[in-house]
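Residue-level listing of the chains:
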Amino acid sequence: MLLKNIRIFTLAPAQVKKTNLRITGSVISAEGPSLKPLKDEKVIDLEGKLVLPGFVNAHTHLYSSLSRGMPMPAEAPSNFLEILEKIWWKLDIALDEQTIYYSALAGAIEAIKCGTTTLVDHHASPSSIKGSLDLIKKAMKQVGMRGVLCYEVTDRGGKKKRDEGLAENERFIIANKTDEYFRGYVGAHAAFTMSDESLALCGEMAAKHKTGVHIHVSEDLSDVKDAEEKYKSTVVGRLKANKILKKETILAHCVHLTPAEFKTSLENECWLMHNPRSNMNNRVGYAKVHQFGDKLALGTDGFPADMLEEAKFAFHKKRDSRIEDNIDYVKLITGGQKLISDIFGKNFGTIKKGSVADLVVMNYNEPTPMVKDNLLGHYLFGMQSSNVESVMVGGKWVMKNRKILGLDEKKILAKSQQAAKKLWKKMEKMS
Ligand SMILES: [Zn+2]
């Protein structure tokens, strides 16, 4: 297919240029202003609209999609641990096969509407562990998304459930080793809900399958305190001792890392994720993003997968903090695409010959000149997810003119509302 009359918009490299794009199979096979249609080739004239690489949400939780508008506990949680205990650890226990599926489906629909083509998800459903990642994959596939999935291993529910979590990760990793759209990771909740033995088992599994561990790190000071008091260590120190730190590993939040912990994480080439909206909402503190190194990315941590909005939050939180150290926003914004390039061993995040055709068509009409040097200004102050018009994943259109192809969105959302009601009722009975 030939996409005619487009404007490529990328931040790395910084470019906005009029051109044409040829898609063959799942990849971009040619790019150039003088490309002419081949015989029998489908030609789509995009009338000068912007084409961007698909956005990547590098740390999220689809399982929280049905929590929007949920009644809050009678007594409001007063700290991070209480937020987990009173809200999220009730919600995840209440999830069953149906609600896991509709959480994933509702979240995936919203993601595609925001131009997010890949989710790096971290799942928990202690009452329904086995096969849970397949349910998420099924829902994401239905929408046409790409995913990197894992189940969060924890000691919270005892050894049996911990082992079920480990087994679910391994099963999914093996089943998806060569899948075109999905990969498995080793999920781990956080050091403060895991013994050294449990952390080590995750480290071993990641080594065995040449993958990484996806874990929450020092999101709140309670994680730091736990490592100090119970293990006379730091959080990163425990992860290192249990062989979790490696180049594939994803460390989410990293709000309270010390300079020494940053050094260790960076020396081991881990990915560090910034989750500004969630950190602000949970009032856990402001991460030292300027110390995150070169392998950093943005994740919404369960908020809708609107990566433009997450970038804006990252930017304005930094401004408001009055911290002078610079953040490389281009690296932060494009990091997720680099992460999945590593994971899938293909080129994401660029629009050139050989890149995977995960593309977003945006109907953004700039009111001021848009040139190579001010793209970030347009990205952070102008472009919105409502400008996303069409989305392509792996060379196939999954959304056209804001309509997701091949599914009845209204019908699905009506069902997800029913599923949410059921979930909330179940949680109410638990309190
Ligand atoms: Zn998270």
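Basis of the calculations
Residues numbered from 1 in each chain as written. Predicted model: local features only at pLDDT ≥ 70, side-chain atom pairs only at ≥ 80, totals over all residues. Heavy atoms only, no water. Helix = DSSP H or I, 4+ residues; strand = E, 2+ residues; numbered from the N terminus. Expected span 1.5 Å × (residues − 1). Bend = angle between axes of the 7 residues up to and from the residue. Buried < 20%, exposed > 50% of the residue type's maximum accessible area, 1.4 Å probe, protein only. Polar contact = N/O pair within 3.5 Å; in protein donor to acceptor, adjacent residues only side chain to side chain. Pairing = 2+ DSSP bridges. Contact = heavy atoms within 4.5 Å. Axes fitted to C-alpha atoms, helices over the stretch in contact; angles between N-to-C directions.

(A) Inspection of helix 11 (residues 329-344) at higher detail. Over its 16 residues, helix 11 runs 24 Å from end to end, which matches the ideal 22 Å to within 8%, given 1.5 Å per residue. The sharpest bend along helix 11 measures roughly 45 degrees and falls at G335. Here helix 11 lies mainly inside the structure; 12 of its 16 residues are buried. Within the span of helix 11, buried status applies to Y329, L332, I333, T334, G335, G336, Q337, L339, I340, S341, I343 and F344. The backbone nitrogen of V330 has a side-chain oxygen 3.2 Å away, supplied by the residue at the start of helix 11, namely D328. Count one or two residues on from helix 11 and you reach G345, which has phi positive near 70 degrees.

(B) Quick peek at the sheet that holds strand 13 (residues 250-253). Spatially, 9-11-12-13-14-15 is the arrangement adopted by the 6 strands of the open sheet, whose pairing is parallel. Because the sheet does not close on itself, it has two edges, and the strands there are strand 9 (152-153) and strand 15 (296-298). As defined by bridge partners, strand 13 adjoins strand 14 (residues 271-274) across 3 bridges and the pair is classed as parallel. Looking at the pairing, I250 lines up with W271 of strand 14. Packing of helix 5 (residues 196-208) onto the sheet brings it into contact with strand 9, strand 11 (186-190) and strand 12 (213-217), and relative to strand 11 it is tilted by some 155 degrees.

(C) Inspection of helix 10 (residues 307-321) at higher detail. Its 15 residues place the ends of helix 10 21 Å apart at the C-alpha level, agreeing with the 21 Å of an ideal helix rising 1.5 Å per residue. The complete set of buried residues in helix 10 reads M307, L308, E310, A311, K312, A314, F315 and K318. Two or three places before L308, at the start of helix 10, stands the capping residue D306, its side-chain oxygen 3.3 Å from that residue's backbone nitrogen. R322 occupies a position one or two residues after helix 10 and carries a positive phi of about 60 degrees.

(D) Up close: the pairing of strand 5 (residues 50-53). Of the two faces of strand 5, both are covered, the one formed by L50 and L52 as well as the one formed by V51 and P53. Where strand 1 (residues 2-11) lies against strand 5, 2 bridges are found, and the strand directions are parallel. Counterpart to R7 in the pairing with strand 5 is L50. Relative to strand 16 (residues 359-362), strand 5 runs antiparallel, the two being bridged by 4 bridges. Counterpart to L50 in the pairing with strand 16 is M362.

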